[in-house]
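Residue strings, one per chain:
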Amino acid sequence: MGHSTLPSPQFSTQELLVDGAAALGIILTASQTGKFIEYIDFLSHWNNKINLTRIIDPFEIVVKHFLDSLLYLKGFAPFPGMRLLDLGSGAGFPGVPLKIAEPKLEVTLLDAREKKVLFLRLLLRRLRIKGVSCLHDRAEKLGNIPCRQGGYQVVVTRALAPLEKLITLGLPFLRPGGRLVVSKGPGVEPELDRVYKASASRGMQVAQVIRVPLPFSQLVRTLLVLTKH
Ligand code: SAH
């Protein structure tokens, strides 16, 4: 995405976030917006020490990390106590933006890299976000632990693995009726055919394929929602 697609710099980072979220149907309070702004500072600070993301421009962080995470809310309807697992959360995407926008979610963040989990724990403390579990493990291993199996209504993941692999990784965590929500960029079509087959043979079905324009960009995401029988 070139910067030419972004509004001119007289828009503040905050305005970009609030307007972008509104375009996705999400109304952010001042306190939520404040947390996102703190998130940018904290991410930039730590990115200088440990490599967390290639994206460093605040406007790009808003669009390509925050709004790109928030659009997952098109794939499920949060309710109080709803348990959501973010597989391969990295620097917190999409799990942390989802928790900021929907505090009623019970969020678990998982990453195989210790430094990422360390960052996530520090971030949550800085943002004064309580009740999020950060786990350092591989999805393959955690999915074999009985108390985790079937423990979640929603599993989200971004940029972790090819779709077929995500079905294998996500399936053990889901309750019957639970949703695996995955966002993909352009070029998803060739993968889709295989996903329909792979999901059917593993007790899942493609419930929704939703195209969502990413605000302030020319990108369109494809949100795939798979449900477990
Ligand atoms: N979801 C984030 C990070 C994507 S990069 C984002 O979209 O920005 C992929 C992340 O998954 C990395 O942080 C990596 O450490 C983690 N990861 C890779 N394989 C994993 C596995 N098998 N189990 C858990 N985490 C894994």
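A quick note: this is a predicted structure, and the numbers were derived from the prediction, not measured.

Student: Looking at this model, I keep getting lost on the pairing of strand S7 (residues 220–228). Mind explaining?
Tutor: Looking along a regular strand, one sees side chains alternate from face to face of the sheet. With respect to burial, S7 is a largely interior element, seven of its nine residues being buried. Both strand S5 (residues 174–184) and S7 contribute to a ladder of six bridges, which runs antiparallel. Pairing of Leu180 across the sheet is with Leu226, part of S7. Strand direction decides the pairing type here: strand S6 (residues 204–213) and S7, joined by nine bridges, are antiparallel.

Student: Sorry if this is basic, but what is going on with the pattern of salt bridges here?
Tutor: As a working rule, side chains carrying opposite charge can pair if their charged atoms are close by. Summed over all chains, the structure comprises eleven salt bridges. We note a salt bridge from Arg138 to Glu140, for which the minimum N-O separation is 3.5 Å. Here Arg138 falls in the partly exposed class, since its relative accessible area comes to 47%. Looking at Glu140, the relative accessible area reads 34%, which means it is partly exposed. For Lys184, the salt bridge is made with Glu191, and the minimal N-O distance between the two is 3.9 Å.

Student: Any chance you could explain the nonpolar core here in plain terms?
Tutor: Within soluble globular proteins, side chains that are nonpolar tend to cluster in buried spots. The biggest cluster of nonpolar side chains holds 52 residues, and the ones touching the most others in it are Tyr39, Phe66, Leu67, Phe76 and Val96. In terms of residue count, the dominant contributor to this core is helix H3 (residues 58–70) (seven residues). Leaving out residues up to four positions away in the same chain, Val96 has contacts with Tyr39, Leu109, Leu120, Leu123, Leu124 and Leu127. Counting 26 residues, the second largest nonpolar core, distinct from the first, contains Ala139, Ala161, Leu174 and Leu224.

Parameters and conventions
- Residues numbered from 1 in each chain as written.
- Predicted model: local features only at pLDDT ≥ 70, side-chain atom pairs only at ≥ 80, totals over all residues.
- Heavy atoms only, no water.
- Buried < 20%, exposed > 50% of the residue type's maximum accessible area, 1.4 Å probe, protein only.
- Helix = DSSP H or I, 4+ residues; strand = E, 2+ residues; numbered from the N terminus.
- Pairing = 2+ DSSP bridges.
- Salt bridge = Lys/Arg side-chain N within 4 Å of Asp/Glu carboxyl O.
- Core = buried A, V, L, I, M, F, W, Y, C linked by side-chain atoms within 4.5 Å.
- Contact = heavy atoms within 4.5 Å.

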